[in-house]
Structures are given as C-alpha cells and as structure tokens.
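# What the coordinates show
Below are the chains, spelled out letter by letter.
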Amino acid sequence: MCVPPAHAGYGYLASVLFLFYMAWTCVQIPHLAWGAELADGYLERSRVVAIREAFFMVGILSAVVLPVILFGTAHLELRPIMRLYATMTLVLVPLTASAAAWLAPDRPHAEAVGSAFGKEVLHVLRGRNDFVRLIAAYSFMQLGLTIFDSVLLFLVTRVLGL
C-alpha cells in the first residue's frame, strides 16, 4: 500500500488516503490525549507536550534528511523513499509503542464525569450560531489543508514535473 503500483490512479489515491487518515486518527487522538494523562499539574503537562512536539519535529527533520543521506541527491526517486518510510514505520511503531507502554507509569483513572457527546453538546451549541459557524469554517479549512497536503507530492512530481 505504501508503494503504489505503476497503474495506480485517482481511485487508488483516494482510497489509500481515506484509510491512512482513518488509521492516523485512531493513533493520533489517544496519543495526543495521553500527555494529559501522564502528568497532574499544568506545568508538567506543558513539559510533556513540549517534549512530544520536540520529538515530532526531530522526526520530521529525520524523515526529510534520511533519504538524502541513504540515497544521495543524484537519483532521488519516490518508490525507494516510500519503501524506506513504510519499513521504518513497520519497525519503529511497534518498538516505540511497546517501550512507551512498558516505561510509562500506570496511573489510576479518574471517575468519568459524563459523556461529552449527544444531547449535552447540542444543548450547549443551541443558540450559539457564531461558534457553530466558526467550528464549521475551521473544519472545512482543515479539510482543505489536509487534501492539499495529501496531493502536494503528486502535484509537484506529476503535474509540475519537478
């Protein structure tokens, strides 16, 4: 899946992007919420989030620089780079997730206060049209940015020929 076949078209791209973003959501939501669960106070939570974001930036820089180091700059092709990313993901995600689960302290869970979905949310949003419009605009903006980010590589390589 990470190395598309030569005849892959727009349907393949759309289905792979849909599956990728669904899987990413399943991983990212608990990962982002975990920082709040690891620490008690505001400063500790800020420190956990800052460290997480620092490692995120190191990961992005590594993903950009590693193909240049391994393959050189003369013949950078998309297929070996995607194969490298897929292999690294299949190896590093289980290793780091296992290490995090093993090394992170087991904390007692707080009592559930109630559900944040359903009638309570609709009741809070009723009569707040400006806020609903803001959330809708933000959602559409994020959708547009996500679509742009998803097809940028293909735009640069296929349409612009760079």
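The structure this text deals with has already been given above.
Residues numbered from 1 in each chain as written. Predicted model: local features only at pLDDT ≥ 70, side-chain atom pairs only at ≥ 80, totals over all residues. Heavy atoms only, no water.

What follows concerns the overall build of the protein. Check the secondary structure of the protein and you find five helices and zero strands. Going from N to C terminus, the protein has its helices and strands arranged as α-α-α-α-α. Relative to its length of 162 residues, the protein is extended, with a C-alpha radius of gyration of 20 Å against a globular reference of 15 Å. With the principal axes as the frame, the protein shows a C-alpha extent of 55 × 45 × 25 Å. Taking all 162 residues of the protein together, the buried fraction comes to 7%. For the protein, the share of sequence-separated contacts (at least 6 apart) that also reach a separation of at least 24 residues comes to 43%. Carbon and sulfur atoms make up 72% of the accessible area of the protein, which amounts to about 13,600 Å² in all. One way to put it: in the protein the 11 positive side-chain charges average out to a point 8 Å from where the 10 negative ones average out. (Helix = DSSP H or I, 4+ residues; strand = E, 2+ residues; numbered from the N terminus. Rg over C-alpha atoms; globule rule 2.2 N^0.38 Å. Buried < 20%, exposed > 50% of the residue type's maximum accessible area, 1.4 Å probe, protein only. Contact = heavy atoms within 4.5 Å. Areas by Shrake-Rupley, 256 points an atom, 1.4 Å probe, with all protein chains shown as cover. Lys, Arg positive; Asp, Glu negative; His and termini not counted. Charge placed at Lys NZ, Arg CZ, Asp CG, Glu CD.)

Right, let's talk about a nonpolar patch on the surface for a bit. Taken together, the side chains of Phe56, Met57, Ile60, Val64, Val65, Val68, Ile69, Leu70, Phe71 and Leu76 make up a nonpolar region of the molecular surface, amounting to roughly 890 Å² of accessible area. If you trace the backbone, Leu70 turns up in helix α2 (residues 42–71). (Patch = residues over 30% accessible without salt bridge, like charges linked within 9 Å, V, L, I, M, F, W, Y side chains within 5 Å. Salt bridge = Lys/Arg side-chain N within 4 Å of Asp/Glu carboxyl O.)

Next up on the list: the packing of helix α1 (residues 10–38) against α2. Between α1 and α2, the least distance of the axes is 8 Å, while the angle of their chain directions is 145 degrees. Like other packed secondary-structure pairs, α1 and α2 cross with a definite hand, here right-handed. The residues of α2 that touch α1, namely those facing His31, Leu32, Gly35, Ala36 and Leu38, are Arg45, Val48 and Arg52. Within the contact of α1 with α2, the residues separate by chemical class into four nonpolar, two polar and two charged. (Axes fitted to C-alpha atoms, helices over the stretch in contact; angles between N-to-C directions. Left-handed = near helix turned anticlockwise from the far one by under 90°. Nonpolar A, V, L, I, M, F, W, Y, C, P; charged D, E, K, R; others polar.)

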